[in-house]
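# Notes for the structure review
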Amino acid sequence: MQATLKKMVTFGGVGLHSGAPARLEIHPAPAGHGIVFRRSDLTPAVEIPARWDHVTPSKLCTLMDDGQGTTLSTVEHVMAALAGTGIHNALVIVDGPEVPILDGSAAPFVRGILRAGIAMQAAPLRAIRVLRPVEVREGEAFARLAPADHLEIDFQIDFTDAAIGRQEKRLDMANGAFLRELADSRTFCRQADVDAMRRNGLALGGTYLNAVVVDGARVLSPGGLRHRDEAVRHKMLDAMGDLALAGAPLLARYTGHRAGHAMTNRLLRALFADPAAWQWETCSPALEDRLPGAGVAAYDLVATDWAAA
Ligand SMILES: [Zn+2]
C-alpha cells in the first residue's frame, strides 16, 4: 500500500549555501501523487516533481530544476528521510531556493515525519525492479545497480584526510536499517574546501554543528563524530535520497565507489534509458515488508536522541 503523512509537519533552519533562513513543510498528498516540491516564494508557485529527470548535475548537492530556470537545491536529505520512512505521497513546500540543512543529517526530518505519523492509503504500491546490471564510471569512481530482492547499499570512499581515510559499508535497507544506521550521519567536508566555498559565496550557512569538518587527522566539529565511519554512512544516506528520485522504491543492489550526487543521477538516467534493464512490479505484502520504511517507529531513532539538543 502507498503511504502519506497523517498531518503537515514544519521544519525551520538555514540554507547550507545561502545561509538564509529556510522553511520547509511536508504536507499529506493523495495516492498516486508522488513526492512533489513546491517553491512557495515564487508567484505563481512553481512545482517540481521529485524525479531523476528534473535533476541538474551539481557537485555539491542534488539540485532540482523545473526546466524553466527555477531550481531547488539540497533535496537529498529530506528525500532520504521520506524514503526511509516509507512515505510515497507528499507535497514538500519550501519558501526559497534551498532546503534547510538542519543538523546536516536526515534525522530531524525523520523525527518530524514520525511525529506527524504515517497514514496508509488504500492504493497498491509499485516498485521498480532492476532486471540487469547498469553501471556508470568516471575515472576510478563508479556507481552500479544490480538485481536484488530489496534495496541494498554498498559504498566505498577513500579520502587522503586521515580523519576519514578509506571506509566501506554495506547494508540491507529493510527493517528500519536506514533509521538505525544512516539517518543521523552528517554531511562532511574539509576545512580547506569550506574556505574555498566561502570565497565563492557558498557554504555561508555551514557551521561546525551542521557539518563534520575535518582537517587532516583532526575532526574540528565539537563533540566529534556520531559514528566512527560517519562519512561513509552519510554517503549512503545521500545515495538513499538520490535513488529515491527514481520515483518509486527500487528493488536493487546499489554499489557506489567514490560516487557522488551527479553520478547517482547519471546511473538512474542510464537505468531508465534501457527498457530491458527494469520493470514495474506491484508490491505483494511480503515485498512491502522488505522496503526501507516498513514498520519503522520512533524507537528506531533512539541512537540519535542526543542530536535533538
Ligand atoms: Zn548529504
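Definitions and limits used
- Residues numbered from 1 in each chain as written.
- Predicted model: local features only at pLDDT ≥ 70, side-chain atom pairs only at ≥ 80, totals over all residues.
- Heavy atoms only, no water.
- Core = buried A, V, L, I, M, F, W, Y, C linked by side-chain atoms within 4.5 Å.
- Buried < 20%, exposed > 50% of the residue type's maximum accessible area, 1.4 Å probe, protein only.
- Helix = DSSP H or I, 4+ residues; strand = E, 2+ residues; numbered from the N terminus.
- Contact = heavy atoms within 4.5 Å.
- Phe/Tyr/Trp six-rings, centres within 6.5 Å; stacked < 30°, edge-to-face > 60°.
- Lys NZ or Arg CZ within 6 Å of the ring centre and 35° of its normal.
- Donors = N, O, S within 2.8 Å, 3.2 Å for Na, K, Ca; no water.
- Tetrahedral: all angles 85-135°; square planar, octahedral: opposite > 155°, others 65-115°.
- Axes fitted to C-alpha atoms, helices over the stretch in contact; angles between N-to-C directions.
- Parallel < 35°, antiparallel > 145°, perpendicular 65-115°, else oblique.
- Left-handed = near helix turned anticlockwise from the far one by under 90°.
- Pairing = 2+ DSSP bridges.
- UniProt positions renumbered as here; feature names shortened; annotations may be inferred.
- Polar contact = N/O pair within 3.5 Å; in protein donor to acceptor, adjacent residues only side chain to side chain.

## Focus: the nonpolar core
- In this structure, I26, L145, F178, L250 and Y254 are the most contacted members of the largest nonpolar core, which totals 79 residues.
- With 8 residues, the top contributor of residues to this core is helix α5 (residues 230-244).
- If we ignore the near neighbours within four places in the chain, the residues touching Y254 are A143, R144, L145, E152, I153, D154, F155, A239, L243, A259, T264 and L267.
- Listed in part, the 6 residues of the second largest apolar core include A127, L251, C283 and L287.

## Quick word on the packing of aromatic side chains
- In total, this model carries 6 aromatic pairs according to the counting rule given.
- Measuring from ring centre to ring centre gives 4.9 Å for F11 and F109, while their planes differ by 65°; the resulting arrangement is edge-to-face. Remark: F109 occurs in helix α2 (residues 107-116) and F11 occurs in strand β2 (residues 9-14); sequence separation between them is 98 residues.
- Judged by its relative accessible area of 7%, F11 falls in the buried class.
- When the centroid spacing of 5.8 Å and the interplanar angle of 80° are considered together, the rings of W278 and W280 count as edge-to-face.
- Using a relative accessible area of 39% as the deciding quantity, one classes W280 as partly exposed.
- Ring pairs connect the aromatic residues W52, F272, W278 and W280, which therefore count as one cluster.
- We note R126 situated over the ring of W280; from NZ or CZ to the ring centre the distance is 3.9 Å.

## Description of the coordination of the zinc ion
- Around the zinc ion, the protein contributes the donor atoms H77 (NE2), H234 (NE2), D238 (OD) and D238 (OD), which lie 2.1 to 2.7 Å from the metal centre.
- Geometry at the zinc ion is irregular, judged from its 4 donor atoms and the angles of 52 to 150° they form at the metal.
- Look at where the donors of the zinc ion fall in the sequence and you get H-x156-H-x3-D. Of this pair, H77 sits in helix α1 (residues 76-84) while D238 sits in helix α5, and the two are 161 residues apart along the sequence. Judged on exposure class, the residue H77 and its partner D238 are both buried.

## Notes on unusual backbone geometry
- Following T43, the chain continues into P44 via a peptide bond in cis, with omega recorded as -5°.
- Tracing the backbone shows P44 in the loop between β4 (35-39) and β5 (46-49).
- Unlike most non-glycine residues, R258 shows phi in positive territory, near 55°.
- Among the secondary structure elements, R258 is positioned in the loop between β19 (250-257) and α6 (261-272).

## A look at the packing of α1 against α2
- Their axes nearest at 8 Å, the elements α1 and α2 cross at an angle of 40°. Here α1 lies oblique to α2, going by the angle between them. Between α1 and α2 lies a crossing whose hand is right-handed. Residues H77, V78, A81 and L82 of α1 form the contact with α2, whose own contacting residues are F109, V110 and I113.

## Looking at the sheet that holds strand β7 (residues 63-65)
- One open sheet holds the 3 strands; their spatial order is β6-β7-β8, and the pairing between them is antiparallel. If you trace the sheet from one side to the other, it starts and ends with β6 (55-56) and β8 (71-73), each paired once.
- Two strands pair when backbone bridges link them, and β6 and β7 are joined in this way by 2 bridges, in the antiparallel orientation. What sits directly across from V55, in β7, is M64.

## Concerning the UniProt feature "binding site: Zn(2+)" (unreviewed entry) in the chain
- In the numbering used here, UniProt assigns the feature "binding site: Zn(2+)" (unreviewed entry) to H77, H234 and D238. Annotated residues spanning 162 residues; largest pairwise C-alpha distance 9.5 Å, indicating a single compact cluster.
- If sequence neighbours within four positions are ignored, H77 has contacts with I101, G104, S105, A106, F109, T187, H234, L237 and D238.
- Polar contacts involving the side chain of H77 include one to the side chain of H234, which spans 3.1 Å.
- As for its position among the elements, H234 is in helix α5.
- By relative accessible area, which is 2% here, H234 ends up buried.

## A closer look at the sheet that holds strand β3 (residues 21-28)
- Taking strand neighbours across the sheet as the criterion, the 5 strands line up as β2-β3-β9-β4-β5 in an open arrangement whose pairing is mixed. A strand with exactly one partner marks an edge of an open sheet, and here the two such strands are β2 and β5. Each strand axis lies, on average, 20° off the axis of its neighbour in the sheet, ignoring direction.
- Here 5 bridges tie β3 to strand β9 (residues 90-94), and the two strands are oriented antiparallel to one another.

## Notes on the UniProt feature "active site" (unreviewed entry) in the chain
- The UniProt feature table records "active site" (unreviewed entry) at H261.
- Its relative accessible area of 11% is what places H261 among the buried residues.
- When residues no more than four places from it in sequence are discounted, the contact partners of H261 are S58, K59, L60, C61, T62, E76, D238 and D242.
- Of the polar contacts made by the side chain of H261, one reaches the side chain of T62; its length is 3.2 Å.

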